[in-house]
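# Structural overview
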Amino acid sequence: MGHVEAAPVVTNEEKDVSESLLGDKKVTVVFVLGGPGSGKGTQCANIVQNFGFTHLSAGDLLRAEIKSGSENGTMIQNMIKEGKIVPSEVTIKLLQRAMLESGNDKFLIDGFPRNEENRAAFENVTKITPEFVLFFDCSEEEMEKRLLNRNQGRDDDNIETIRKRFKVFVESSLPVVEYYESKGKVKKIDAAKPIPEVFEDVKAIFSSYGAKQAM
Ligand code: UDP
Ligand code: MG
């Protein structure tokens, strides 16, 4: 239902992609999860260059939606400012549209799902279950330092909002990681190390995954 609505004009080409997104199992999704400042975006950029995935950052898609002046923009902006989780239907629509537009069939979905409701809604709407979940494990102390030192002009990178985001992460997002852990799908990375060292670990995971697929 919802998937076709995501693209305003559905060409034949897009229709094919949307059908393959739903029906068969050719679409590969890896969820990249971890606290704010754990390095998800940085490492995703590295993975894209080496392994042919399309990187979809849920947070970036939401920020682009604010900038586009959409009717949801103000609501999204207020929620991000408070570190709250935007309603699933909004985020899932943006993700579906980006997947369709990419033309790719391999996706890194970064910063989503952030709670159990996000997770269940995504799986129900798209019928996609992730290949695996890459989990960046990092202490709050280290993440806080990184967020306060990065200068991306984000109005949620202040200490007050950062504390709220940590709380939401622990209360709402870690249960998603635990859910996938119970399915044996979590690949945990020590994300407190320097960027190149973390990428070595990330590379090892994607290489062994790729090798497995080729057999
Ligand atoms: N956000 C959301 N749903 C998502 C992803 C992001 O509601 O699926 C909102 C949420 O308010 C979050 C903010 O966007 O605190 C920033 O998310 P992002 O992943 O960009 O940053 P992170 O907290 O991981 O550094
Ligand atoms: Mg990010």
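Rules used throughout
- In this convention, every chain numbers its residues from 1, walking through the sequence in written order.
- Going through the entries in the order they are written, you letter the chains from A and number the ligands from 1.
- The predicted nature of this model means local features are confined to residues of pLDDT at least 70 and side-chain atom pairs, given and counted, to a pLDDT of 80 or more, with totals for whole chains, interfaces and linings taken over all residues.
- To get the side-chain values, take all heavy atoms of the structure and skip hydrogens and water.
- For the purposes of this entry, the term helix denotes a DSSP run of H or I that reaches at least four residues, the term strand denotes a run of E that reaches at least two, and both are numbered from the N terminus.
- Each residue is assigned to one of three classes by its accessible area relative to the maximum for its type, calculated with a 1.4 Å probe on protein chains only: buried under 20%, partly exposed between the two thresholds, exposed over 50%.
- The criterion used for residue contact is that any of the two residues' heavy atoms lie within 4.5 Å.
- UniProt positions are given in the numbering used here, feature names are shortened, and annotations may be inferred rather than shown by experiment.
- For this purpose, a residue is taken to be near a molecule or strand whenever a single non-hydrogen atom of the residue falls within 4 Å of it.
- Here a polar contact means two N or O atoms within 3.5 Å. Within protein one must be a hydrogen donor candidate and the other an acceptor candidate, and residues neighboring in sequence count only if both atoms are side-chain atoms.
- Areas reported as accessible are Shrake-Rupley estimates using a 1.4 Å probe. Residue values count occlusion only from the protein chains shown.
- Charged means Asp, Glu, Lys or Arg here, nonpolar means Ala, Val, Leu, Ile, Met, Phe, Trp, Tyr, Cys or Pro, and polar covers whatever is left, Gly included.
- Strand pairing is assigned whenever DSSP detects at least two bridges linking the two strands.
- Axis geometry follows a simple rule: fit a line to the C-alpha atoms, using only the stretch in contact for helices, then measure angles between N-to-C directions, giving values from 0 to 180 degrees.
- pLDDT gives the predictor's per-residue confidence on a scale running from 0 to 100.

## Points about the overall build of the protein chain
- Regarding its fold elements, the protein chain presents 10 helices and five strands.
- Every one of the 215 residues in the protein chain was classed for burial, and the buried ones make up 43%.
- Put simply, 76% of the contacts in the protein chain that link residues at least 6 apart link residues at least 24 apart.

## Things to note about the UniProt feature "binding site: CMP" (unreviewed entry) in the protein chain
- Mapped onto the present numbering, the UniProt feature "binding site: CMP" (unreviewed entry) falls at Asn 118.
- Looking at Asn 118, the relative accessible area reads 2%, which means it is buried.
- Ignoring anything within four residues of it in the chain, the contact list for Asn 118 reads Ile 85, Val 86, Ser 88, Ile 92, Phe 112 and Pro 113.

## A word on the site of ligand 1
- Residues in contact with ligand 1 amount to 21 residues; listed here are only the nearest, Lys 40, Arg 63, Lys 84, Val 86 and Arg 165.
- Within the side chain of Arg 154, a nitrogen or oxygen atom sits 3.1 Å from an oxygen atom of ligand 1.
- Contact with the protein chains covers 97% of the free accessible surface of ligand 1, which is 510 Å².
- Looking at the shell around ligand 1, the elements with two or more residues in it are helix 4 (58–67) and helix 5 (73–81).
- A total of four residues in the shell around ligand 1 trace back to one element, the largest contributor, which is helix 4.
- When the residues that make up the shell around ligand 1 are grouped by side-chain class, the tally is eight nonpolar, five polar and eight charged.

## A few points about the sheet that holds strand 2 (residues 54–57)
- Sheet architecture is open: five strands sit in the order 2-3-1-4-5, paired in parallel fashion. In the strand order of this sheet, the two ends are held by strand 2 and strand 5 (186–190), each with one partner. When the angles between neighbouring strand axes are averaged without regard to direction, this sheet yields 20 degrees.
- Two elements, strand 4 (residues 132–137) and strand 5, share five bridges in a ladder whose sense is parallel. Bridge pairing in strand 5 links Phe 136 to Ile 189.
- The sheet strands contacting helix 6 (residues 88–102) are strand 1 (28–34), strand 2 and strand 3 (106–110), and the helix crosses strand 2 at an angle near 160 degrees.

## Some details on the confidence of the model for the protein chain
- Within the protein chain, residue pLDDT values average 90, and 86% of them lie at 70 or more.
- Below a pLDDT of 50 lies the segment residues 1–20, which in the model reaches 20 contacts outside its immediate sequence neighbourhood of four places, other chains included.

## A few points about unusual backbone geometry
- In the segment running from Phe 112 into Pro 113, the intervening peptide bond is cis, with an omega of 0 degrees.
- Residue position: Pro 113 is located in the loop between strand 3 and helix 7 (116–126).
- Of note, the phi angle at Lys 127 is positive, near 60 degrees, even though the residue is not glycine.

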